[in-house]
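Inside the fold
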Amino acid sequence: MNVPLVLFWVFGAASLTAGLLVVTSKNIAHAAFYLLFALVGVAVLFLLMAADFLALVQFLIYGGAIVVLLLFALMLTRIREGPVIVGNSQKPLAIVAGLALLALLLSVVFVTPWPKPATEAIQRIEVPVIGESLFTDWLFPFEIVSLVLLVALIGAIVIARSGDD
Amino acid sequence: MPEWVESIIRVAIAIGFVLTTVLVLIWLERKVIGHIQQRLGPMRTGFHGFLQSPADAVKLLVKEDIIPAAADRWAFQLAPALVFVPIFLTVVSIPFTRTLVVRNLDLGLFYVFAISSISIVGIVMAGWASGNKYALLGSVRAGAQMVSYEIPLVFSILGVAMVAGSLNLETIVDAQRGLWYIVLQPVGMFIFLVASLAELNRTPFDIPVAESEVVGGPYVEYSGIRWGVFFLSEYANTFIISALAAVVFLAGWRGPLLPGWLWFLIKTYAIILIIFWFRATLPRLRIDQLMTFAWKLLLPLAFVNLLITGLYLVYDWPRWILFVASVAVLAVASRLVYVVGRA
């Protein structure tokens, strides 16, 4: 029995199920909890592909921070008193946008030249290698991302403070 | 014996050890704080109250399991497990000695932070699911506090990873041959201890569970063994954080004469006692003071520490310069706290 393959199917299925529950669940706090399970499932998939650093980053950033921030924002609003499901005239537009995004992501899967055929064993990439390539080959994108995050941070502060004075 | 059987046995032993340690820690804290406050602490059950914790545990086990009518049932039941499981998973990578470790992970240091961060969701979930306004307020406080302090916590340890050139806890201990990192990274250790107190929701950062303000915070509706699991996780986390500090800053099992595991326990318990001492000594902070402290002092301090450590590595400074610079940074920072606190 191929244990990693079984684990892949189990966690892949769990992650997909949780993902479906995120969008179908009627209670928005439950949706946030399901999101945690979906993200942790993806982290386990990363682990199975020997990307242990990425898996831990997934745990720390998505599990520990993003979901908590989401819940935090939910709790500051009155979730229990608001409408359970929001449906409005933008629905068809949202469907089109969602399908377009799906097509884009799927096309990326097929267009990307993968370094190795799926039958070969996966090589584990050490953390120093990731660090080095981030600061050499990918330095420019890396800095752009930092700048975008900084702008978002400053923007959030400006918007939050604009009511004061 | 197949490898997976051995792994399971190792994990079981580690979890059993931590569970036993938790019982000892609860007794120890009550005794230590009792004596600091000129009291005796538990005395009746067993020798100097040593059997008080097992007795309490049995009491919690047989208590009625109450789920409030207003609670969100499955989230309420799941939350204790979501706090408990990640914390006990982190034991896997803590090296007691070179051989006494469940698994020596290459990313051991990062692993502990990444996995334990999941338990924040459990606390927030507990508070939300209780259907109680005090629980909700407490969990909002917990979420804000723990997310804020996680950032300085991770940055504080980054300096150690830079000096040791590794995230492997065994390599980090080996790199401290002759000189413990408390000397090279005093700023890192300071930030680590303060930020982990906040992560543990312990005094002076016990704002999420402040009895006089939000009754018991996220745990107010919990009783019996579900409450016991939260309590257990908190003390297990105290042990793990202290063990991690002992490994990373005090060279873990390294030391003369005594066996390695004993050195490890001595160092770990030294840090645990400091944490208990804080609880008996310091008053609780206000929430705005707490946030200001994290974002305006600890985080910049962590950045300065990274900068100094980076300069030390790039220009190959002698070690004493890093030590002197770190102490100077700490001195300036404490002066700043005083001046800003007065203004």
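Throughout this document, residue positions are counted from 1 along each chain, in the order its sequence is written. Each chain gets a letter, beginning with A, and each ligand a number, beginning with 1, in the order they are written. Residue-level local features of this predicted model are given only where pLDDT is at least 70; pairs of side-chain atoms are given and counted only at 80 or more, and the full residue set underlies all totals for whole chains, interfaces and linings. Just so you know, side-chain values use all the structure's heavy atoms and leave hydrogens and water out.

Remarks on the overall build of chain A
- Scanning chain A for helices and strands turns up six helices and zero strands.
- Working definition: helices are DSSP H or I runs of at least four residues, strands are E runs of at least two. Numbering for both runs from the N terminus. Listed by position from the N terminus, the elements making up chain A come as α-α-α-α-α-α.
- Throughout, exposure labels follow a simple rule: accessible area from a 1.4 Å probe, protein chains only, divided by the maximum for the residue type, with under 20% read as buried, over 50% as exposed, and the rest as partly exposed. In chain A, which comprises 165 residues, the proportion classed as buried is 18%.
- For this analysis, residues touch if any pair of their heavy atoms sits within 4.5 Å. Partitioning the contacts of chain A with sequence separation of at least 6, the portion at a separation of at least 24 is 57%.

Some thoughts on the overall build of chain B
- Along its length, chain B carries 14 helices and zero strands.
- Secondary structure elements in chain B, listed N-terminal to C-terminal, are α-α-α-α-α-α-α-α-α-α-α-α-α-α.
- The globule rule used for comparison is 2.2 Å times the number of residues to the exponent 0.38, while the radius of gyration itself is calculated over C-alpha atoms. Against the globule reference of 20 Å for 343 residues, chain B gives a C-alpha radius of gyration of 21 Å, in line with a compact fold.
- Seen through its principal axes, chain B has C-alpha atoms that stretch 65 × 65 × 40 Å.
- Across the 343 residues in chain B, those meeting the buried criterion constitute 53%.
- Across chain B, every contact between residues at least 6 apart in sequence was considered, and the portion connecting residues at least 24 apart equals 76%.
- For the area figures, the Shrake-Rupley method with a 1.4 Å probe applies, and any residue is considered shielded solely by the protein chains shown. With an accessible surface of roughly 15,300 Å², chain B has 70% of that area assigned to carbon and sulfur atoms.
- Under the counting rule used here, the positive set is Lys and Arg, the negative set is Asp and Glu, and His together with the chain ends is not counted. Note on charges: their place is set at NZ of Lys, CZ of Arg, CG of Asp or CD of Glu. Counting 24 positive and 19 negative side-chain charges, chain B places the centres of these two groups 8 Å from one another.

A short note on the interface of chain B and chain A
- Across the contact, 28 residues belong to chain B and 28 residues belong to chain A.
- Two parts placed together each lose some accessible area under a 1.4 Å probe, and adding up what both lose gives the buried area. Both sides of the chain B and chain A interface together cover about 2,400 Å² of buried area, and 82% of this is carbon and sulfur.
- Salt bridge criterion: a side-chain nitrogen from Lys or Arg within 4 Å of a carboxyl oxygen from Asp or Glu. For the pair chain B and chain A, the number of links is zero salt bridges.
- Identification of polar contacts relies on pairs of N or O atoms within 3.5 Å, with a donor-acceptor requirement for protein atoms, meaning one able to donate a hydrogen and the other able to accept it, and with residues adjacent in sequence counted only if both atoms are side-chain atoms. Summed over the shared surface of chain B and chain A, the number is one residue pair in polar contact (both at pLDDT 80 or more).
- When contributions to the side of chain B that touches chain A are tallied by element, the ones reaching two or more residues are α3 (73-89), α4 (108-116), α5 (119-129) and α6 (133-164) of chain B.
- Tallying contributions element by element places α6(B) first for the side of chain B that touches chain A, with seven residues.
- Of the residues that constitute the side of chain B that touches chain A, the class distribution is 21 nonpolar, four polar and three charged. Each residue gets one of three labels, nonpolar for Ala, Val, Leu, Ile, Met, Phe, Trp, Tyr, Cys and Pro, charged for Asp, Glu, Lys and Arg, and polar for the others, Gly among them.

Topic: the nonpolar core
Residues and elements named next belong to chain B.
- Counting 115 residues, the largest nonpolar core has Tyr-149, Phe-192, Leu-244 and Val-248 as its most contacted members.
- Top element by residues in this core is helix α11 (residues 224-249). It accounts for 13 residues.
- With near-sequence residues (within four places) excluded, Val-248 lies in contact with Leu-109, Ile-157, Val-160, Leu-169, Ile-172, Gln-176 and Tyr-181. Here the nonpolar core consists of buried residues drawn from Ala, Val, Leu, Ile, Met, Phe, Trp, Tyr and Cys, with membership extended through side-chain atoms lying within 4.5 Å.

Describing the packing of α5(B) against α6(B)
All names here are of chain B.
- Closest axis-to-axis distance for the α5/α6 pair is 7 Å, and the angle between their directions is 165°. Relative to α6, α5 is oriented roughly antiparallel. Crossing angle aside, the handedness with which α5 passes α6 is left-handed. Contacts between α5 and α6 involve Ile-120, Ile-123, Val-124, Gly-127 and Trp-128 from the first element and Ala-135, Leu-136, Ser-139, Ala-142, Gly-143, Met-146 and Glu-150 from the second. Axis lines are fitted through C-alpha atoms, for helices just across the contact stretch, and the angle between N-to-C directions can take any value from 0 to 180 degrees. Roughly parallel means an angle under 35 degrees; roughly antiparallel means over 145; roughly perpendicular covers 65 to 115; every other angle is labelled oblique. Each helix crossing is assigned a hand: it is left-handed if the near helix lies turned anticlockwise from the far helix by less than a right angle, otherwise right-handed if that turn is clockwise.

Observations concerning unusual backbone geometry
- Unlike most non-glycine residues, Ala50(A) shows phi in positive territory, near 65°.
- Along the chain, Ala50(A) falls in the loop between α2 (28-48) and α3 (52-76).
- Of note in the backbone geometry, Ala251(B) takes a positive phi value of approximately 65° without being a glycine.
- Within the secondary structure, Ala251(B) is located in the loop between α11 and α12 (260-281).

As for the packing of aromatic side chains
- In this analysis, rings of Phe, Tyr and Trp, with Trp reduced to its six-membered ring, are considered paired at centre separations within 6.5 Å, and the interplanar angle assigns stacked below 30 degrees, edge-to-face beyond 60, and tilted for intermediate values. Evaluation of the coordinates by the stated rule reveals 22 aromatic pairs over all chains.
- Taken together, a centroid distance of 6.3 Å and an interplanar angle of 80° make the contact between Phe33(A) and Trp74(B) edge-to-face. You can see Phe33(A) sitting in helix α2 and its partner Trp74(B) sitting in helix α3, one on each of two chains.
- Looking at Phe33(A), the relative accessible area reads 0%, which means it is buried.
- Ring centres of Trp277(B) and Phe278(B) lie 6.4 Å apart, and the angle between their planes is 15°; on these two criteria the pair is classed as stacked.
- For Phe278(B), a relative accessible area of 27% corresponds to the partly exposed category.

A look at the pattern of salt bridges
Residues and elements named next belong to chain B.
- Overall, the coordinates contain ten salt bridges over all chains when judged by the stated rule.
- The shortest N-O distance in the salt bridge between Arg-279 and Glu-29 comes to 3.0 Å. Here Arg-279 is found in helix α12, whereas its partner Glu-29 is found in helix α1 (residues 3-36), with 250 residues between them in sequence.
- A residue is classified by how much of its surface remains accessible, and Arg-279, at 40% relative accessible area, is partly exposed.
- Judged by relative accessible area, which is 2%, Glu-29 ranks as buried.
- Between Asp-206 and Arg-284 there is a salt bridge; the shortest N-O distance is 2.9 Å. In this pair, Asp-206 is assigned in the loop between α9 (186-199) and α10 (211-214) and Arg-284 in the loop between α12 and α13 (287-314), connecting sequence segments 78 residues apart.
- Arg-284 sits in the partly exposed class, given a relative accessible area of 27%.
- Each of Arg-98, Glu-170, Asp-174 and Arg-254 takes part in one network of salt bridges that share partners.

Digging into the layout of surface pockets
- The definitions used throughout rest on a 1 Å grid laid over the protein atoms alone, on which a cavity is an enclosed set of points accommodating a 1.4 Å probe that cannot get out and a pocket is an open set flanked by protein within 12 Å on both sides along at least five of seven lines; lining residues are those having an atom within 4 Å of a point. Grid points are joined across faces, edges and corners, and a volume is the space filled by probe spheres set on the points. Of the pockets and cavities examined, the second largest pocket occupies roughly 1,300 Å³.
- The wall of the second largest pocket is formed by 35 residues, among which Leu47(A), Val92(B), Arg103(B), Leu105(B) and Tyr111(B) lie closest to the centre.
- Elements that contribute at least two residues to the lining of the second largest pocket include exactly α1 (3-24), α2 and α3 of chain A together with α1, α3 and α4 of chain B.
- Among the residues making up the lining of the second largest pocket, the classes are represented as 26 nonpolar, two polar and seven charged.

What to know about the packing of α1(B) against helix α2 (residues 52-62) of chain B
Residues and elements named next belong to chain B.
- Viewed as axis vectors pointing N to C, α1 and α2 meet at an angle of 115°, and their least axial separation amounts to 8 Å. Viewed along their axes, α1 and α2 form a crossing whose handedness is right-handed. Taken together, the residues of α2 that come into contact with α1 (itself represented by Leu-23, Ile-26, Trp-27 and Arg-30) are Gln-52, Ser-53, Pro-54, Asp-56 and Ala-57.
- Residues belonging to the contact of α1 with α2 are distributed by class as follows: five nonpolar, two polar and two charged.

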